[in-house]
Amino acid sequence: MTTDLNETLFNRAKATIPGGVNSPVRAFKAVGGTPRFVKRAQGAYFWDANDQRYIDYIGSWGPMILGHGHAAIKAAVHAAVEEGLSFGAPTEREIELAEAIIKLVPSIDMVRLVSSGTEAGMSAIRLARGATGRSKIIKFEGCYHGHADALLVKAGSGLATFGNPTSAGVPPEVVQHTLVLPFNDIEALEAAFTAHGSEVACLMMEPIAGNMNFVRASVPFVKRCRELCTEHGALLAFDEVMSGFRVALGSAQSLYAQAIPGFEPDMTVMGKVIGGGMPLAAFGAKRAVMEHLAPIGGVYQAGTLSGNPVATACGLATLNEIQQPGFFEQLGARTASLVSGMTHAATAAGVTLCGDSQGGMFGFFFMNELPQNYATVMTTDSARFNRFFHGMLDEGVYFAPALFEAGFVSAAHTEQDIADTVAAASRVFATL
Ligand SMILES: *Cc1c(COP(=O)(O)O)cnc(C)c1O
């Protein structure tokens with residue numbers, strides 16, 4: 001009999017860390033079973049406590065767009081470590097990273113660096129409220145913007161009502177200004193602006209939602225969001241923590257700008273890829289909005305480790321690599337080939353599956369057609385998803401351990417990795 005060292009570690013972790021994990025999804029609660037404890041990772045793979053290898057389609061939930069252990073990234077991080085870990089004083093690299101972000105995302109004039117997507121989203125909301133002098137915010141059901149209190153909200157009953165907290169510990173008064181609407185629903189959006197438009201500080205959305213699997217905001221929906229925000233003096237905030245530098249070099253907003261001439265969000269929230277695996281996130285906007293931030297303006301925001309020198313070195317090196325000619329063309333083609341390979345394999349096995357991808361981000365559903373909102377995503381046969389997930393895990397393929405999460409392909413995934421994954425999926429589909 002062999003010992004499962006993942007299980008040994010999980011049991012030990014549960015004694016000192018709530019649920020044995022430092023972020024809930026890692027506990028495998030949705031899919032059951034024992035989480036894999038990662039020992040090390042290289043390229044497209046990681047190895048667990050049993051030295052079992054997995055093809056990694058999570059990549060730390062998005063940041064590892066180059067794969068693990070990329071030589072240029074390691075060199076940049078090692079060099080930065082030699083110079084010092086943290087100063088609490090400004091550095092040139094912060095300017096370089098700000099300049100790199102602004103060059104690639106033209107809707108941003110100025111950017112502030114922080115340490116997590118949660119912090120960035122929370123600060124962007126405060127800034128929007130401070131800049132507009134308004135309190136209300138609009139978010140969409142199924143979009144995740146980090147775990148700031150005001151954003152942990154689900155829809156109340158009825159259309160265009162204010163939401164209820166989704167977490168214990170969030171007083172109802174804290175979410176009383178948060179309006180939660182169904183995604184891709186233009187009618188509900190118009191009704192909300194008709195009722196509350198003059199009080200709305202900002203509308204925050206994931207343009208390609210990756211926290212309800214993979215759901216694109218439709219072009220007409222984004223267009224209407226833009227028009228209504230402009231008409232009512234509200235700021236349109238794109239949360240590109242996941243999609244930023246992941247779906248395209250110019251992020252998701254560059255794709256909507258191709259479809260909607262002149263399109264720009266007013267604010268952008270970023271994280272994940274811009275840190276390349278280190279704790280780093282950012283929020284940016286036009287100069288007039290950003291100058292409301294302290295020390296120039298009255299909106300307070302700060303961080304001991306903000307703009308950390310090792311994190312900025314890692315982020316800069318990552319942004320440098322993804323600007324290589326053809327990077328997103330190749331990544332996008334490889335990701336699309338995974339999705340088409342999987343859907344064909346499913347069809348051949350008589351399993352209903354559909355999928356979608358953009359750049360290095362993908363999703364698939366045990367459904368006939370792609371869902372447009374959270375309620376539809378949640379009608380997925382979760383028992384079937386869980387059997388699929390565990391089947392793939394046994395085959396050495398690591399997909400997201402929950403059906404409401406997107407997946408990620410990195411530049412280190414080879415055609416052979418994709419072919420091996422599709423072959424494994426064929427075997428697993430046959431058992432469903
Ligand atoms: C991951 C994520 C966040 C939160 O970022 P953290 O770094 O985990 O705090 C916010 N918004 C979106 C869209 C995300 O995917």
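Residues numbered from 1 in each chain as written. Predicted model: local features only at pLDDT ≥ 70, side-chain atom pairs only at ≥ 80, totals over all residues. Heavy atoms only, no water.

A separate point is the site of the ligand. Neighbouring the ligand are the residues Ser-116, Gly-117, Thr-118, Tyr-144, His-145, Gly-146, Glu-206, Asn-211, Asp-239, Val-241, Met-242 and Lys-272. In this structure, a nitrogen atom belonging to the ligand sits 2.7 Å away from a side-chain N or O atom of Asp-239. One of the side-chain nitrogen or oxygen atoms of Lys-272 is found 2.6 Å away from an oxygen atom of the ligand. Protein coverage of the free-state accessible area of the ligand, which is 380 Å², stands at 82%. Of the residues in the shell around the ligand, the class split is three nonpolar, six polar and three charged. (Near = heavy atom within 4 Å. Polar contact = N/O pair within 3.5 Å; in protein donor to acceptor, adjacent residues only side chain to side chain. Areas by Shrake-Rupley, 256 points an atom, 1.4 Å probe, with all protein chains shown as cover. Nonpolar A, V, L, I, M, F, W, Y, C, P; charged D, E, K, R; others polar.)

Before going further, it helps to examine the environment of Ala-333. Along the polypeptide, Ala-333 turns up in helix H10 (residues 327-348). The class for Ala-333 is partly exposed, based on a relative accessible area of 48%. Taking the C-alpha atoms as reference, Ala-333 lies 9.5 Å from Ser-357; in sequence the two are 24 residues apart. (Helix = DSSP H or I, 4+ residues; strand = E, 2+ residues; numbered from the N terminus. Buried < 20%, exposed > 50% of the residue type's maximum accessible area, 1.4 Å probe, protein only.)

Another aspect to go through is the domain arrangement of the protein. Taken as a whole, the protein is organised into domain 1 (5-69 + 325-429) and domain 2 (72-322). Here the C-alpha centroids of domain 1 and domain 2 sit 25 Å apart. Listed per partner, the contact involves 32 residues of domain 1 and 29 residues of domain 2. For the pair domain 1 and domain 2, the summed buried surface comes to about 2,500 Å²; carbon and sulfur atoms form 63% of the total. Three residues, Phe-328, Gln-358 and Met-361, lead the burial of domain 1 against domain 2; their summed loss comes to 24% of the area buried on that side. (Domains from an automatic or database assignment. Contact = heavy atoms within 4.5 Å. Buried area = accessible area lost by both parts, 1.4 Å probe.)

What follows is about the nonpolar core. Judged by nonpolar contacts, the single largest core of 109 residues is most densely connected at Phe-140, Phe-183, Leu-203, Met-205, Phe-388 and Phe-429. Counting contributing residues per domain, this core is built from domain 1 (5-69 + 325-429) and domain 2 (72-322), each supplying no fewer than three. Formed by 23 residues, the second largest nonpolar core is a distinct cluster that contains Ala-124, Ala-237, Val-269 and Met-290. (Core = buried A, V, L, I, M, F, W, Y, C linked by side-chain atoms within 4.5 Å.)

The α-helix winds at 3.6 residues per turn, so residues separated by three or four positions along the chain end up facing the same way. Burial in helix H7 (residues 251-259) covers these residues: Ser-251, Ala-252, Gln-253 and Tyr-256. If you follow the buried residues of H7, they end up packed against strand S10 (208-209), strand S11 (215-216), helix H6 (219-232), strand S12 (235-240) and strand S13 (267-270).

Bringing the sheet that holds strand S15 (residues 354-358) into the picture now. Pairing is antiparallel in the open sheet, where three strands are placed in the order S15-S16-S18. Two strands close off the open sheet at either side, each with one partner strand: S15 and strand S18 (407-408). Of the pairings in the sheet, the one linking S15 to strand S16 (residues 361-365) comprises five bridges and is antiparallel in character. What sits directly across from Ser-357, in S16, is Phe-362. Sheet strands touched by H10: S15 and S16. Its angle to S15, the strand with the most contacts, is close to 175°. (Pairing = 2+ DSSP bridges. Axes fitted to C-alpha atoms, helices over the stretch in contact; angles between N-to-C directions.)

Here the focus is the packing of H10 against helix H13 (residues 415-429). Two elements in contact, H10 and H13, have axes whose closest approach is 9 Å; the angle formed by their N-to-C orientations is 20°. For the element pair H10 / H13, the angle class is roughly parallel. Here H10 and H13 pass one another in a crossing that is right-handed. In contact with Arg-334, Ser-337, Leu-338, Gly-341, Met-342, Ala-345 and Ala-346 of H10, H13 contributes Glu-415, Ile-418, Thr-421, Val-422, Ala-425, Ser-426 and Phe-429. Residues belonging to the contact of H10 with H13 are distributed by class as follows: eight nonpolar, four polar and two charged. (Parallel < 35°, antiparallel > 145°, perpendicular 65-115°, else oblique. Left-handed = near helix turned anticlockwise from the far one by under 90°.)

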